[in-house]
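What follows is each chain in one-letter form.
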Amino acid sequence: MNLTLNKPQRIFFAALAALAAVLLAAAAFCDLPLDQALYAPGNPFGIVLEAFCYWPLYLPVALLGAVWTFLYRQNASRHVLGEVLVIAVFFGLLSQSLPNLSARGLLTLSDSMVAFLSLALALALTVLLISIVSRWSRATLIRADFLFKFGVALCLADNVVINALKLLWRRPRFDDLTAAGNLVSFRPWYLPLGPGGTSFPSGHTAAACGVLTLLLLPLLFERCRGRELAITGGCYGFIALAAFSRLIMGRHYLSDTVAAAVLMTLLFFALTKTRRFAGALARTRSAAAAAETEAQSKSAPAAEDAAAD
């Protein structure tokens, strides 16, 4: 079984494809003037999104670790690895985000304070996440294991494809050109092998596309069925906000962000069309159904005993 889009989703993605084509065509002419009009590196919205919008790409690693701490309770090594993953991912993300906020002037933090806050917040988030996951049934844990493993696969694909294209395109960033006081090195998006830079495609926008993993929720959880369009719209709404923030910060052009979203959408669908995905999904649904049946069989005698009392 693979991911199948319903009719509203197909219309939504067709509209997105048409919009992406129009924006890329327009960006060939308006990339530079658009950045000049929007550039505001002190904008709080842009600063906060810059610091946190890439988290969705890496959070599945932490979430997978939290799932493992309960799904593999009898496997000591997998259990410990899960806890370590949760702490390490949160600490790593915070160690990047907090200095970013400080460098942009939104916070004033010394290096020692960044380290302390990163560790303290990582531990607090770990406790919170573990507490939430501890309430999940075994069937939910099995489904979540599949979901977050897919998120990790999307993360790996992102880092390979996006970074390879950055090395190939070598497009200068707008804020770097502005800082140098010379826009002569600006290059349109359709010309690779530039003079140097990592503007195309947008890494932050691509990382924001980690939220596309949520499109698999209706395949796994009954309560999400019928909400496919709302989930899809919410995901791309977040991606659009992240993309807009990159223009405000002058770190990317319109074409960089649109290209990143297109590439990540294609990667997402490519991963869902593989035999490996279909096989893993079928096994997951079967195992989750078996876990639910077992849980129901165990709860039935207890309910009968309570009724007898």
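Figured I'd write up the structure that's included with this text. For clarity, every value in this text was computed on a predicted model and none was experimentally measured.

Focus: the pattern of salt bridges
Here's step 1: Taken as a whole and judged by the stated rule, the model has nine salt bridges.
Here's step 2: Glu50 is the salt-bridge partner of Arg246, the closest N and O atoms lying 3.1 Å from each other. Pair noted here: Arg246 is in helix α10 (residues 228-248) and Glu50 is in helix α2 (residues 44-52), with a separation of 196 residues, a long-range link.
Here's step 3: When salt bridges that share partners are traced, they join Asp31, Arg171 and Asp256 into one network.

Notes on the side chain of Asp175
Here's step 1: With respect to the element layout, Asp175 can be found in helix α7 (residues 174-180).
Here's step 2: Within the structure, Asp175 has its side chain in polar contact with the side chain of Arg251 (distance 2.8 Å).
Here's step 3: Residues within four places of Asp175 in sequence aside, it is in contact with Tyr39, Met249, Gly250 and Arg251.

Topic: the packing of aromatic side chains
Here's step 1: Scanning the model with the defined rule gives 18 aromatic pairs in all.
Here's step 2: Ring geometry for Phe186 against Tyr253: centres 5.2 Å apart, planes inclined by 70°, an arrangement best described as edge-to-face. You can see Phe186 sitting in the loop between α7 and α8 (203-208) and its partner Tyr253 sitting in the loop between α10 and α11 (254-272), a full 67 residues away along the chain.
Here's step 3: For Phe186, a relative accessible area of 23% translates into the label partly exposed.
Here's step 4: The class for Tyr253 is buried, based on a relative accessible area of 0%.
Here's step 5: Note on Trp189 and Phe200: the rings are 6.4 Å apart at their centroids and 20° apart in plane angle, and the pair reads as stacked. Within this pair, whereas Trp189 is found in the loop between α7 and α8, its partner Phe200 is found in the loop between α7 and α8, the two being separated by eleven residues in sequence.
Here's step 6: The exposure class assigned to Phe200 is buried, which follows from its relative accessible area of 5%.

What counts as what
- Residues numbered from 1 in each chain as written.
- Predicted model: local features only at pLDDT ≥ 70, side-chain atom pairs only at ≥ 80, totals over all residues.
- Heavy atoms only, no water.
- Salt bridge = Lys/Arg side-chain N within 4 Å of Asp/Glu carboxyl O.
- Helix = DSSP H or I, 4+ residues; strand = E, 2+ residues; numbered from the N terminus.
- Polar contact = N/O pair within 3.5 Å; in protein donor to acceptor, adjacent residues only side chain to side chain.
- Contact = heavy atoms within 4.5 Å.
- Phe/Tyr/Trp six-rings, centres within 6.5 Å; stacked < 30°, edge-to-face > 60°.
- Buried < 20%, exposed > 50% of the residue type's maximum accessible area, 1.4 Å probe, protein only.

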